[in-house]
Amino acid sequence: MTKHGGGRKKPKQLIQKQSTRFKSAKKLIAPMSIIAVLFLGAIGMRGIFLNRASATLGGPYTLIDMHGHPLTERQFQGRYTLIYFGYTHCIDVCPLTLATVTQALELMGKASHQIVPLFITVDPSRDTPEVVADYVSHFSPDIVGLTGTESQIQAVIKSFHVMARRRGTPADRVSSDYLMDHSSVLYLMDGDNRLVSVLPVDTSPQEIATRLRRLVPAS
């Protein structure tokens, strides 16, 4: 796995930058409430997904990559994809998850070459291809950042049963500084874009690497 220049300090720097940017917003939310929502959301969504038939999750999609080019699931034919839905203005769970995925794939060594990590934004109005490209570059050059039009993003969110909604009141709609509530899990898809497993994000890089080794056949 190719490592991004600057080692593993950049995810920490990004988290600090995001935390400063949304300091005023975080003051409005009780810290324990944030923890509870994230924890219960992860547990709840994991239970829902693991009890669904794999055929009901995922499907064809058309998005825009971080270079501004159209992209579909067919471009990953024959390779496993590890998909995470989030957004670049996320305060904590998104950068922590991408940092964890980066470390997990590094731990896998050459076996990780069979897996393409994808980051799909749930906030296309702010996450342009350029913004997404800059964001994922803080973690690993192997992460493919994807955005799209509002309709494209809503279609892929629906097919993967992702929960994503803008936080705030109608009066906040005019502001460009807002947070998004969204489900937070990893989807492992096979070379035919069929669901293999849903992995929790509230675990260690070592555990994710171990599970991926078991789920992805050796080349």
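Structure shown above.
Below, the structure is looked at part by part. Note that the structure is a prediction, hence the values are computed from the model and not measured. (Residues numbered from 1 in each chain as written. Predicted model: local features only at pLDDT ≥ 70, side-chain atom pairs only at ≥ 80, totals over all residues. Heavy atoms only, no water.)

Quick notes on the sheet that holds strand S4 (residues 115–121)
One open sheet holds the seven strands; their spatial order is S2-S1-S5-S4-S3-S8-S9, and the pairing between them is mixed. Edge positions in the open sheet fall to strand S2 (70–72) and strand S9 (195–200), since each of these has one partner strand only. Looking at each pair of strands side by side, their axes are set apart by 35° on average, direction ignored. One ladder, built from four bridges, connects strand S3 (residues 80–86) with strand S8 (residues 185–189); its direction is antiparallel. Bridge assignment links Thr81 to a residue of S8, and that residue is Met189. Lying on the sheet, helix H4 (residues 93–108) is in contact with S3, S4 and S8; it crosses S3 at an angle near 165°. (Pairing = 2+ DSSP bridges. Helix = DSSP H or I, 4+ residues; strand = E, 2+ residues; numbered from the N terminus. Axes fitted to C-alpha atoms, helices over the stretch in contact; angles between N-to-C directions. Contact = heavy atoms within 4.5 Å.)

Topic: empty space enclosed by the protein
Overall, the coordinates contain one cavity of 30 Å³ or more when judged by the stated rule. Its boundaries defined by the atoms lining it, the largest cavity holds a volume of some 40 Å³. In this structure, the largest cavity is lined by Leu82, Ile83, Tyr84, Leu98, Val101, Pro117, Leu118, Ile143 and Leu186. If you list the elements that add at least two residues to the lining of the largest cavity, you get S3, H4 and S4. Ranked by residue count, the leading element in the lining of the largest cavity is S3, at three residues. Among the residues making up the lining of the largest cavity, the classes are represented as nine nonpolar, no polar and no charged. (1 Å grid on protein atoms, 1.4 Å probe; cavity = no way out; pocket = protein on both sides within 12 Å on 5 of 7 lines; lining within 4 Å. Points joined across faces, edges and corners; volume = space filled by probe spheres on them. Nonpolar A, V, L, I, M, F, W, Y, C, P; charged D, E, K, R; others polar.)

A short note on the side chain of Asp65
With respect to the element layout, Asp65 can be found in strand S1 (residues 62–65). Despite its burial, Asp65 remains without a salt bridge, the nearest opposite charge being carried by Arg79 at 13 Å. Not counting chain neighbours up to four residues away, the residues in contact with Asp65 comprise Leu71, Pro129, Gly145 and Leu146. (Buried < 20%, exposed > 50% of the residue type's maximum accessible area, 1.4 Å probe, protein only. Lys, Arg positive; Asp, Glu negative; His and termini not counted. Salt bridge = Lys/Arg side-chain N within 4 Å of Asp/Glu carboxyl O.)

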